[in-house]
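Breakdown of the fold
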Amino acid sequence: RALTDVSEIPESVRAASIAVPTVHHGRIAVELLNSGRDVLVEKPLTKDLDEADRILEAAAAGGRLVMVGHTERFNPAVAALATVVDRPRFFEIHRLAAFSSRSTDIDVVLDLMIHDLDLLLHLDGTEPVSVDAVGVAALTDKVDIANARIRFSSGCVANLTASRISAEPVRRIRVFQEKTYLACDTAIRKVERYRLVAGDDGRPDIRHDVLEVTGSEPLGNELKAFLDAVRNRTAPPVAGIEGRRAVELAYRVLASIEASGDAGG
């Protein structure tokens, strides 16, 4: 049944998925949490950190759950990749998409790059210590193309490129770690691995294999995980605090772009 206002949601509804424009996430999430509902907020969690904090505070006060819809976490290819990432040293990530007016209320960093910022925080597991980024506003009054170089306290370095004005869609993650190179295409859900091993004659040899990728559609996996957390009262797999960390890193990228003076249209 279609409703025109959050206040019209029936009392029987105990959980909600928030898929409105990002600028409205904070207001609607807090209203739902204060009314006793659990929420799944599509990425990014909010447009700024103050709103993110208000969401987390409302959830804590009412004992409610907040999950963030970083859908790539539920991509079967990413799940397979995560099982073999071990002390990564370098990430090269490209996320390019055709232009759409759907998310022009935010820039490409909060729209697209944030997927990969969240994955980096998840896969590396340490804090980012430096961010150097550039960006360009090409079709809108916000940054449409961005590149960021991020160093983590582990020593890992990541180079990310995001664009929402590409002729062809690209969603690729490359990981370099000790004696191993991993290539993940999250669009076609394929993960290849190249490993340096000792050959039969004792000489170094490169072995190639393709990881098994099993599972269903990422959004369906995300929704199931949220409902399981709601029913079982367990911590969701992408908790609100993780969504906040991704937004915080996104704003560090944007601050670096602004400092570089390259964001002008």
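Look a little higher up for the structure.
Our subject in this report is the structure included herewith. (Residues numbered from 1 in each chain as written. Predicted model: local features only at pLDDT ≥ 70, side-chain atom pairs only at ≥ 80, totals over all residues. Heavy atoms only, no water.)

1. Quick look at the sheet that holds strand 7 (residues 157–163)
Test applied: Strand pairing follows a simple DSSP-based rule, namely that at least 2 bridges must link the two strands. Only DSSP runs of H or I reaching four residues or more are called helices, and only runs of E reaching two or more are called strands; each is numbered from the N terminus. Helix axes are fitted to C-alpha atoms over the stretch in contact, other axes to C-alpha atoms as well, and angles between N-to-C directions run from 0 to 180 degrees.
The eight strands are arranged 5-6-7-4-8-9-10-11 in an open sheet whose pairing can be described as mixed. In the strand order of this sheet, the two ends are held by strand 5 (128–136) and strand 11 (204–210), each with one partner. On average, each strand axis in the sheet is tilted by 10 degrees relative to the strand beside it, whichever way the strands run.

2. Regarding the pairing of strand 9 (residues 180–185)
Where we set the bar: Burial here depends on accessible area, computed with a 1.4 Å probe over protein chains only, as a share of the maximum for the residue type. Under 20% is buried, over 50% is exposed, and the range in between is partly exposed.
In terms of residue burial, strand 9 counts as a mostly covered element, since five of its six residues are buried. Connecting strand 8 (residues 170–177) to the antiparallel partner strand 9 that follows it, the hairpin turn spans two residues, and Lys 179 within it adopts a positive phi of roughly 60 degrees. Where strand 9 hands over to strand 10 (residues 190–198), the hairpin turn is made up of four residues, of which Arg 189 adopts a positive phi near 60 degrees.

3. Thoughts on helix 5 (residues 218–232)
Quick note on the threshold: In this analysis, the expected span of each helix is defined as 1.5 Å times one less than the number of residues it contains. Note that the arc is defined by the directions from the helix axis to the C-beta atoms. Whether two residues touch is decided by their heavy atoms; if any such pair falls within 4.5 Å, the residues are in contact. N or O atoms closer than or at 3.5 Å make up a polar contact, with two conditions inside protein: a donor-capable atom paired with an acceptor-capable one, and, for residues adjacent in sequence, both atoms drawn from side chains.
If you check helix 5, its first and last C-alpha atoms are 21 Å apart, about what 15 residues at 1.5 Å a residue would give, namely 21 Å. Buried within helix 5 are the following residues: Pro 218, Glu 222, Ala 225, Phe 226, Ala 229 and Val 230. Down the axis of helix 5, the smallest arc covering the buried residues is 135 degrees, so these residues share one side. Relative to its buried face, helix 5 has exposed residues pointing more than 90 degrees away, namely Lys 224, Arg 231 and Asn 232. Along its buried surface, helix 5 packs onto strand 1 (15–18), strand 2 (38–42), strand 3 (66–69) and helix 3 (76–82). At the N-terminal end of helix 5, a side-chain oxygen is found 3.0 Å from the backbone nitrogen of Leu 219, two or three residues along, and the residue is Glu 217. Looking one or two places after helix 5, you find Arg 233, whose phi comes out positive at around 55 degrees.

4. A word on the pattern of salt bridges
Applied cut-off: The salt bridge criterion pairs a side-chain nitrogen of Lys or Arg with a carboxyl oxygen of Asp or Glu, the two atoms within 4 Å.
This model, assessed by the stated rule, comprises 22 salt bridges. Between Arg 87 and Asp 86 there is a salt bridge, with its nearest N and O atoms 3.4 Å apart. Arg 87 sits in the exposed class, given a relative accessible area of 58%. Taking the shortest distance from any N to any O, the salt bridge between Glu 248 and Arg 244 comes out at 3.5 Å. In this pair, Glu 248 and Arg 244 are both assigned in helix 6 (residues 240–260), four residues apart and thus about one turn of the helix distant.

5. Considerations on unusual backbone geometry
Of note, the amide linkage connecting Lys 43 to Pro 44 takes the cis form, showing an omega dihedral of -15 degrees. In this structure, Pro 44 sits in the loop between strand 2 and helix 2 (49–62). Positive phi, close to 55 degrees, is recorded for Arg 233, a residue that is not glycine. Mapped onto the elements of the fold, Arg 233 is located in the loop between helix 5 and helix 6. Note on Arg 233: relative accessible area 40%, which makes it partly exposed.

6. With respect to the environment of Val 131
Tracing the sequence through the fold places Val 131 in strand 5. A C-alpha to C-alpha distance of 9.7 Å links Val 131 and Ala 158, two positions 27 residues apart in sequence. Excluding residues that lie within four positions of it along the chain, Val 131 makes contacts with Arg 149, Ile 150, Leu 249, Arg 252, Val 253 and Ser 256.

7. Focus: the packing of helix 1 (residues 25–34) against helix 2
For the record, the criterion: By the definition adopted for this analysis, an angle is roughly parallel if under 35 degrees, roughly antiparallel if over 145, roughly perpendicular if from 65 to 115, and oblique otherwise. Any residue outside Ala, Val, Leu, Ile, Met, Phe, Trp, Tyr, Cys, Pro, Asp, Glu, Lys and Arg is labelled polar, Gly included; the first ten of those are nonpolar and the last four are charged.
Across the interface, helix 1 lies against helix 2 with an axial gap of 9 Å and an inter-helix angle of 5 degrees. It follows from the interaxial angle that helix 1 and helix 2 lie roughly parallel. Seen from helix 1, the contacting residues are His 25, Gly 26, Ala 29, Val 30, Leu 33 and Asn 34; seen from helix 2, they are Glu 51, Arg 54, Ile 55, Ala 58 and Ala 59. Residue composition of the contact of helix 1 with helix 2, by class: six nonpolar, three polar and two charged.

8. A word on the nonpolar core
Counted only if it meets this: In plain words, nonpolar cores are sets of buried Ala, Val, Leu, Ile, Met, Phe, Trp, Tyr and Cys residues tied together by side-chain atoms within 4.5 Å.
Counting residues in hydrophobic clusters, the biggest one holds 69 residues, and the most contacted among them are Leu 81, Phe 91, Val 109, Met 113, Leu 117, Ile 150 and Val 253. With eleven residues, the single largest contributor to this core is helix 4 (residues 108–124). Leaving out residues up to four positions away in the same chain, Leu 117 has contacts with Val 109, Ile 150, Leu 160, Ala 246, Leu 249, Ala 250 and Val 253.

Everything listed here is a matter of coordinates, which is why it stays silent on function.
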